[in-house]
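Next come the chains, spelled out residue by residue.
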Amino acid sequence: MDIVQSHMTASTGTTAASAGTEPPLSAFASELVALLPRLRRFTLSLTHSASEADDLAQATCQRALKAQALWQPGTRLDAWLFRIARNLWIDSLRKRRSEGQSEALEDHLDLAGEDGRHVGDVALTVDSVQQALGAMPSDHRELLMMVCVDGKSYREASQQLSIPLGTVMSRLSRARQGLAAKLGMDKTS
């Protein structure tokens, strides 16, 4: 039983088991239930987290049910709910900012830190790859980025660039060989 139905059963004093069926929802509760998917999408857009969105949607429903008398019939319930959700989200952000987020230390025991030498090596490698890419012909660089970075298939790259599939494969092979040579990774030893 969801929060709206449990609130309605609590307010009428009956239970679904004692009545044999669930009690009919009021017009307000029916409209609220119909708006739940939109409310969930809205809260997900605010929080960017499914679990936080569910919590925010539930808190919004609780607040709306408690303040049901303040809602004026004939006005847009969705706008009222979204305003409640937005205000609750802003309140939670302010609370987090003032309190700071705390996490259990046990959750992060494996995060002792990174080896600074490795971080420096990675930065040098990224820099050298960027320089090597910049020195490549633009048609090779564009194709390499499409297939290797963006994850496009050879066929998608062929269609997007309006070139034959065989040209994509040979150009990509030359681009990879050229990049490996510029980075000192060629296998000609």
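Our structure's up above, just so we're on the same page.
These numbers come from a predicted model, not from an experiment.

A. Spatial organisation of the packing of aromatic side chains. For the structure shown, the criterion picks out three aromatic pairs. Consider the rings of phenylalanine 28 and tryptophan 71, whose centres lie 5.5 Å apart with planes at 55°: the pair is tilted. Note that phenylalanine 28 is positioned in helix α3 (residues 27–47) and tryptophan 71 in the loop between α4 (50–66) and α5 (77–99), a separation of 43 residues in sequence. A relative accessible area of 5% means that phenylalanine 28 is categorised as buried. When the centroid spacing of 6.2 Å and the interplanar angle of 70° are considered together, the rings of phenylalanine 28 and tryptophan 80 count as edge-to-face. Of this pair, phenylalanine 28 sits in helix α3 while tryptophan 80 sits in helix α5; the two residues are 52 residues apart in sequence, bridging distant segments of the chain. Pairwise contacts between aromatic rings join Phe28, Trp71 and Trp80 into one cluster.

B. Structural context of the packing of helix α7 (residues 138–149) against helix α8 (residues 154–161). Running from amino to carboxyl end, α7 crosses α8 at an angle of 140°, the nearest separation of the two axes being 9 Å. Regarding the angle of α7 to α8, the classification is oblique. By crossing handedness, the relation of α7 to α8 is classed as right-handed. Mapping the contact onto sequence places Glu142, Leu143, Met146 and Val147 in α7 and Tyr154, Ala157, Gln160 and Leu161 in α8.

Basis of the calculations
- Residues numbered from 1 in each chain as written.
- Predicted model: local features only at pLDDT ≥ 70, side-chain atom pairs only at ≥ 80, totals over all residues.
- Heavy atoms only, no water.
- Phe/Tyr/Trp six-rings, centres within 6.5 Å; stacked < 30°, edge-to-face > 60°.
- Helix = DSSP H or I, 4+ residues; strand = E, 2+ residues; numbered from the N terminus.
- Buried < 20%, exposed > 50% of the residue type's maximum accessible area, 1.4 Å probe, protein only.
- Axes fitted to C-alpha atoms, helices over the stretch in contact; angles between N-to-C directions.
- Parallel < 35°, antiparallel > 145°, perpendicular 65-115°, else oblique.
- Left-handed = near helix turned anticlockwise from the far one by under 90°.
- Contact = heavy atoms within 4.5 Å.

By themselves, these are just geometric observations and shouldn't be taken as functional.
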